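Read off the chains here:
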Amino acid sequence: MANEVFMPKLSSTMETGTLLQWFKEEGDSVETGEPLFEIMTDKINIEVEAYDDGVLLKKYYDIDDEIPVNQIIAYVGQQDEVVPDTSPGISGNEINEEKELNESAVEETSVRIEEQSKVEPSEDVRATPAARRVARSNNILLNEISGSGPKGRVHVKDVNQVLIQRNDSRATPLAKKVSKAHQVSLESINGSGVNGKVMKNDVAKSIDRVSRVDPSIQTSQKRKLSGMRKVIADRMQESVNTAPHVTLTSEIDMKKVQELRKNLMKVVESHTGNRLSYTDIIIKATGEALSRHPAMNASLNDDEIVLNNSINVGLAVSLDEGLIVPVIQDVPSKGLREINDHAKRLAKNARNQKLQEDQLKGATFTVSNLGMYAVDAFTPIINLPQTAILGTGRIQEKPVVVDQEIEVRPTMAVSLSFDHRAIDGAPAAAFLTELKQILENPYELLA
Amino acid sequence: MEKTFNLPSHITTDKLKDLYKQMWLIRYFDEKVDQFFAKGLIHGTTHLCVGQEASAAGAIAALQDIDKITSTHRGHGHCIAKGARTDKMMAELFGRVTGYCKGKGGSMHIADLEKGNLGANGIVGGGIPLAVGAALTSKMKNEGYVVLCFFGDGASNEGSFHESLNLASIWGLPVVFICENNQYGMSGAAKDMINIPDIADRAGSYGIKGEVVDGNDLVEIINTVYDAVEDARDGNGPALIEVKTYRWKGHSKSDAKKYRTREEEQEWRSKDGIKRFKELLIEERVLTEELAEELQQEAKQEIEDAVRFAENSKEPSIDTLLEDVYA
Amino acid sequence: MRELTYLEAVREAMSQEMRENNDVFLLGEDIGVYGGAFGVTRGMIEEFGPERIRNTPISESAITGGAVGAALTGMRPILELQFSDFITIAMDQLTNQAAKLRYMYGGKGSVPMVLRTPAGSGTGAAAQHSQSLEAWVAHIPGLKVVQPSTAYDAKGLLKAAIDDDNPVIFYEHKLLYKTKCEVPEEPYTIPIGKADIKRSGGDVTIVATAIMVHRALEAAEKLVKEGIEVEVIDPRTLVPLDEETIVESVKKTGRVVVVHEAVKRGGYGGEIASMIAESEAFDFLDSPIKRLGGLPVPIPYNPKLEKATVPQVDDIVEAVKETIRFK
């Protein structure tokens, strides 16, 4: 029997993957371990290898298709084996698969190439025309519905019931909450999750969809919101919609950081081959400040505030495709040299799309640096489920008053956004003050 | 001359020559149609009035231009006599867009409303009530026209005949019923289907005049119809005139004529109304042999031209299919 | 506003048209001093005289054909057939003449006539005086078919029918003659081919004609007590049929009951049901299209049997529930 090829679930949060390319065509022979296709998840691009030897019998999806995890996307088997014309759905549904295969074996001797609708109600289901129409437009298989009519005939009422249930059980609690708060019907929302599960983002999108479209704006090109961009969009939307953001700003005298950097530059470079950056120092200082203010190193999961033991600082790296946040684990235990080494490697891997899954996991706090631009301050958005994020602007020579004298000092504006559900203003302010003090007296980092 | 013929004043010498030519037009038209049917160039069915030319030409000659006729399935002669163009008629039989009915009516449905021809009719007896209705219009609107209603011996057994004669009679309508008794309703001989010698006698049942005329005597037909028409025009109600005639051809295209004998056909052919009228006109010096021949050839040529016109005409576009179902 | 009975509304429409247009006249059996079999024309002969209120002999073929002939030549006759059952005797003139002349003649001529006739059971008049044969005429291209259910509709539609240049068969329901509603005094037209939503509702569409409109409305009142909201559509004209209004309603409700008094087998409800099934409304159907019609028997004399022959209010209630029930 042919072996299923399915969309792997590469992380606990992964619900769908986007197909980037096929390395094999139908009819090509495949060896176990050979890359079969490449996908993009919410975090990374990855090549998926074949689990079985044989021939690629059938591909059900094309490039750019967004496919739920565990969905059967291809079959590998022996030449001339018969497989279904359309994806039988979720892998592991043995009975269904068996049935489909037997049925098609009777009907067909070879794989039909022609394109078919992904959801085709089976012919022998008794259903009213209206029920068929509603099922069709909602991608519901009629044979999954128990009809209330004579001899199990499916009526539109039955389909609607399934729709309501689906919206009920297939919407995240958060999505339900948001939809309720905004009085938005879940039925009208197309879920982006597995099997159309409605995510909070979907609700959020539907809420302000109306206000977004402005026909008077002329566009030069349109790009589908997909892949990483879509993930970012969803994440940001989710954060803004759920976490009440408060942003504190402060101005930090970077004179001593400048000195420290200058002094350590050669030492670090000789070890790592990289120039020590302000960011490295800021990460180190942040890790130090977090260790002194553990409340800022928290995650908010549903109704629980989790104080994290490890202090893992995510570093926002800007790529053409969007933003990616590799993680430097356990910052307080690392010296500037190590931090420099890790940070540069992660950034490089990110740019080459070579990040490993674990290099993207586990951040407890994020630093976003826009100091390379003419940006003084900004309001960063929290990377949920983290509860705070630090944004750093450029370092600028400014007149400041030091000991009753006006002096020109390199200063840097920092912004701390925190999730007010988990953190209140005072502890956040204390943390920011701590950070300011550390950066204005950075030598203690060497202690 | 007038004394000899004793014809109505509107029948001038020229009109007599026209009538002679007209009878040939009718004959040549139907003979041509017969040929084309045989060749398969005309489809459907058709009913020829060869041998009945004097009936059509004579009865209609009695009318004024404002008068109207209703015709039958055997109606080409009536149509020509009422002034229709033979080219447009032929085109209709060819099913061409230039035909009287844009190719949608065919042989049995040619109408020329402008000339007062309210149309042929494919239903035996179907046109009789229509003639009564048209006569009612004439009366109610005081239009002064008379309707000449043609039908055959077969139709005189239809209910519509009896109902219509009665209705026209009680309302005193200006309609003259012309029963062209050509001896056969399809294969049914009139003598077998009607148990009185003269259909004209049925008029008495409805309180109207009934007359019998020789269908090959053009002059008698004109005079008899003329008197009835003018009587009706004067408000004296309808009349029924039975024209005894004979169709030389079969009922329609596929008639083996098993119901009658060659001898009988030959006997009627010998009474040919065209020949008889020609002899009369020559005798009365209206025509010479040469002139008669010339008129006959003109008629023949006109039918040839009609055929050419029809052949060169376009078929109706399929787009016109749904047109004219409703006004 | 003043109220008129259906019968008075029909009479008023005719009288107003006759005052405006001398070409409009009435013919039929016993329509003179008798006032028509149901009294519709009562008083009209006194106003318009026997020339324009033409009492006819019992000759349905001749009077129908007479109306056709009069219409073809410039009149606008209104023909009253005493009982719609008698349309059988007029059928040749309607089907083969009135409906076809214009098309057969290639778009020449028109037949602006109205044939008014009372239809339906409920009077105890038994098999030959109680039928609803509207499907017969609805089948014929060239005829228009109107079936008003209220006095208001009857007046407006009859004016439209008289003004129409085509033969219009205008069905009046005997049991509706005495029904009343508000009817404006001034003449007005309801376009032929426009359905009327007699009641709005979202659960089930009932398409009902003539008397069944009222029974459907009664049924709707009963059903609303059970929480079922019925939409009642009265097509008002069968030909042309306002398909859009019906389709839109079915798209809204997903369920439809078609009800008429005529025998269900071969009845016009089959046409309406098929039209729905072929339309975009198909995809909105959530239960089979339900048809209600008369049983396939001649209308019996006994009142209990007669009532059982044609759909009653409770039958409609039951049919609606059946379309809603899943089992």
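Residues numbered from 1 in each chain as written. Chains lettered and ligands numbered in written order. Predicted model: local features only at pLDDT ≥ 70, side-chain atom pairs only at ≥ 80, totals over all residues.

> Teacher, can you tell me more about the overall build of chain B here?
Across its full length, chain B carries 12 helices and seven strands. Burial status across chain B gives 56% buried among its 327 residues. Nonlocal contacts in chain B, meaning residues at least 24 apart in sequence, comprise 76% of its contacts between residues at least 6 apart. (Helix = DSSP H or I, 4+ residues; strand = E, 2+ residues; numbered from the N terminus. Buried ≥ 20, exposed ≤ 12 C-beta atoms within 10 Å, placed from the backbone. Contact = placed C-beta atoms within 7 Å.)

> Where do I start with the environment of Ala135(B) in this structure?
All names here are of chain B. Position of Ala 135 among the secondary structure elements: in helix α6 (residues 127-140). Sequence separation of Ala 135 and Cys 149 is 14 residues, and the distance between their C-alpha atoms is 10.0 Å. Contact partners of Ala 135, with chain neighbours within four places excluded, come to Val 147, Ala 168, Leu 173, Pro 174 and Val 175.

> Please explain the interface of chain A and chain C as it appears in this structure.
Frequently, the measure chosen for interface size is the accessible area removed from exposure when the parts meet. Across the boundary between the two partners, chain A contributes 10 residues, which contact nine residues of chain C. Ranked by residue count, the leading element in the side of chain A that touches chain C is helix α2 (residues 129-137) of chain A, at four residues. Split by residue class, the side of chain A that touches chain C holds five nonpolar, four polar and one charged. (Nonpolar A, V, L, I, M, F, W, Y, C, P; charged D, E, K, R; others polar.)

> Which parts of the structure should I look at to understand the sheet that holds strand β14 (residues 290-294) of chain C?
Sheets are built from strands paired through backbone hydrogen bonds, the pairs being either parallel or antiparallel. All names here are of chain C. Spatially, β9-β11-β10-β13-β14 is the arrangement adopted by the five strands of the open sheet, whose pairing is mixed. Only two strands of the sheet have a single neighbouring strand rather than two, namely β9 (196-199) and β14. The mean angle between the axes of side-by-side strands here comes to 25 degrees, regardless of whether they run parallel or antiparallel. Alignment of strand β10 (residues 204-208) against strand β11 (residues 230-234), held across four bridges, turns out to be parallel. Bridging across to β11, Val 204 finds its partner in Val 230. In the packing of helix α8 (residues 211-224) onto the sheet, the strands contacted are β9, β10, β11 and β13 (256-263), and the crossing angle to β11 comes to about 170 degrees. Against the sheet, helix α10 (residues 268-278) touches β10, β13 and β14, its axis set at about 160 degrees to β13. (Pairing = 2+ DSSP bridges. Axes fitted to C-alpha atoms, helices over the stretch in contact; angles between N-to-C directions.)

> When you look at the environment of Asp158(A) in this model, what are you seeing that I'm missing?
All names here are of chain A. Along the chain, the position of Asp 158 falls in helix α3 (residues 156-169). For the pair Asp 158 and Ala 135, spaced 23 residues apart in the sequence, the C-alpha separation amounts to 9.7 Å. In contact with Asp 158, not counting residues within four places along its chain, are Ala 131, Ile 145, Ser 146, Gly 147 and Ser 148.

> Please explain the nonpolar core as it appears in this structure.
Most often, soluble globular proteins have nonpolar side chains that are buried together. Of all hydrophobic cores here, the largest spans 217 residues; its most connected members are Leu148(B), Val175(B), Val176(B) and Ile206(C). Tallying contributions element by element places helix α2 (residues 13-39) of chain B first for this core, with 11 residues. Formed by 55 residues, the second largest nonpolar core is a distinct cluster that contains Ile44(A), Met254(A), Ala289(A) and Leu432(A). (Core = buried A, V, L, I, M, F, W, Y, C linked by C-beta atoms within 7 Å.)

> Would you take a moment to explain the sheet that holds strand β2 (residues 147-152) of chain B for this structure?
All names here are of chain B. In space, the five strands of this open sheet follow the order β1-β2-β3-β7-β6, with parallel pairing throughout. What marks the edges here is a single partner per strand, and that holds for β1 (68-70) and β6 (209-214). Strand after strand, the sheet turns through a mean of 20 degrees between neighbouring axes, direction not considered. Taken together, the six bridges between β6 and strand β7 (residues 239-244) define a ladder with parallel strand orientation. Paired with Lys 209 across the two strands is Ala 239, which belongs to β7. On top of the sheet, helix α9 (residues 218-236) reaches β2, β3 (175-181), β6 and β7; it is set at about 170 degrees to β7, its chief contact.

> I would appreciate a short explanation of the interface of chain B and chain C in the present structure.
Each partner contributes to the interface: chain B provides 34 residues, whereas chain C provides 37 residues. Contributions of two or more residues to the side of chain B that touches chain C are made by α6 and α7 (159-171) of chain B. The greatest single-element share of the side of chain B that touches chain C, amounting to nine residues, is contributed by α6(B). Broken down by class, the residue content of the side of chain B that touches chain C amounts to 18 nonpolar, 10 polar and six charged.

> Sorry, what's going on with the packing of helix α1 (residues 6-20) of chain C against helix α2 (residues 44-52) of chain C here?
All names here are of chain C. Relative to each other, α1 and α2 sit at 60 degrees, their axes nearing to 12 Å. Accordingly, the angle class assigned to the pair α1 and α2 is oblique. Viewed along their axes, α1 and α2 form a crossing whose handedness is left-handed. Contacts from Arg 11, Ser 15 and Met 18 of α1 reach α2 at Met 44, Glu 47, Phe 48 and Arg 52. Partitioned by chemical class, the residues of the contact of α1 with α2 number three nonpolar, one polar and three charged. (Parallel < 35°, antiparallel > 145°, perpendicular 65-115°, else oblique. Left-handed = near helix turned anticlockwise from the far one by under 90°.)

> What exactly am I supposed to notice about the confidence of the model for chain C here?
Keep in mind that low pLDDT regions are not for reading the predicted coordinates in detail. On average, residues of chain C score 97 in pLDDT, and 99% of them are at 70 or above. For this predicted complex, the interface confidence score (ipTM) comes to 0.91, while the overall pTM stands at 0.65. (pLDDT = per-residue confidence, 0-100.)

> I would appreciate a short explanation of the pairing of β11(C) in the present structure.
Within a regular strand, side chains alternate between the sheet's two faces. All names here are of chain C. Along β11, five of the five residues are buried, which leaves the element largely enclosed by surrounding structure. The two faces of β11 match: Val 230, Val 232 and Asp 234 on one face and Glu 231 and Ile 233 on the other face are all buried. In the sheet, β9 pairs with β11 via three bridges, with the strands oriented antiparallel. Its bridge partner lying in β11, Arg 199 is registered against Val 232. Since β10 and β11 lie parallel, the crossover through α8 that links them has a hand, and here it is right-handed. (Right-handed = clockwise from strand over helix to strand, strands pointing away.)

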